[in-house]
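# Secondary and tertiary structure notes
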Amino acid sequence: MSEDVRLVAWVRGRVQGVGFRWFTRAKALEIGGLSGFALNLGDGRVQVVAEGARERCEGLLDWLQAGDTPGHVDGVTEIWDTPRGGYESFAIR
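Residues numbered from 1 in each chain as written. Predicted model: local features only at pLDDT ≥ 70, side-chain atom pairs only at ≥ 80, totals over all residues. Heavy atoms only, no water.

Going by an unreviewed UniProt entry, the chain carries the name acylphosphatase and comes from Streptomyces pimonensis. Taken from UniProt, the Catalytic activity (unreviewed entry) comment for the chain reads in full: "an acyl phosphate + H2O = a carboxylate + phosphate + H(+)". (UniProt positions renumbered as here; feature names shortened; annotations may be inferred.)

So, in structure tokens, the structure goes:
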């Protein structure tokens, strides 16, 4: 059985104003079993928080890094932690 984790990723590049958060939510829902959010930050990055099985979070991270996203991703910085809970689904903030 897979351990549950918390992924926090900061996505740099042209990722605001291009539907990036919407597509991130759609991908998280397609993967399934993930809760969290995607949020535009004031410095132009998008923060993605996902909680769920490690394999599912890794799948979302792979997608964020693969370049098959709207806009243009220059890089992704991530940290891994224990889940905190409190999310009902995957939201856009």
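We are not done yet, so read on.
### Some thoughts on the UniProt feature "active site" (unreviewed entry) in the chain
Per the UniProt entry, the sites bearing "active site" (unreviewed entry) are R21 and N40 in this numbering. In terms of the greatest pairwise C-alpha distance, the residues named above, spread along 20 residues, form a tight cluster of at most 7.8 Å across. Of note, R21 is situated in helix α1 (residues 20-31). The exposure class of R21 is partly exposed, given its relative accessible area of 25%. With residues near it in sequence (within four places) discarded, R21 still touches A38, L39, N40, V46, I92 and R93. Considering the arrangement of structural elements, one finds N40 in strand β2 (residues 35-40). A relative accessible area of 28% means that N40 is categorised as partly exposed. Ignoring anything within four residues of it in the chain, the contact list for N40 reads V15, Q16, R21, R45, V46 and R93. A distance of 3.5 Å separates the side chain of N40 from the side chain of R21, its partner in a polar contact. (Helix = DSSP H or I, 4+ residues; strand = E, 2+ residues; numbered from the N terminus. Buried < 20%, exposed > 50% of the residue type's maximum accessible area, 1.4 Å probe, protein only. Contact = heavy atoms within 4.5 Å. Polar contact = N/O pair within 3.5 Å; in protein donor to acceptor, adjacent residues only side chain to side chain.)

### Quick notes on the nonpolar core
Counting 20 residues, the largest nonpolar core has V11, F20, V48, L60, L64, V76 and F90 as the members making the most contacts within it. Examining the composition of this core, we find that 5 residues originate from one element, helix α2 (residues 54-66), more than from any other. When residues no more than four places from it in sequence are discounted, the contact partners of L60 are T24, K27, A28, I31, L34, V48, A50 and F90. Of all hydrophobic cores here, the second largest spans 5 residues; its members include V8, F37, L41 and V49. (Core = buried A, V, L, I, M, F, W, Y, C linked by side-chain atoms within 4.5 Å.)

### Points about the pattern of salt bridges
In total, this model carries 5 salt bridges according to the counting rule given. With a closest N to O distance of 3.2 Å, R54 and E3 form a salt bridge. Highlighted residues: R54 in helix α2 and E3 in the segment before β1 (4-14), separated in sequence by 51 residues. Residue classification places E3 among the partly exposed positions, given a relative accessible area of 48%. Across the salt bridge formed by D43 and R45, the nearest N and O atoms sit 2.8 Å from each other. (Salt bridge = Lys/Arg side-chain N within 4 Å of Asp/Glu carboxyl O.)

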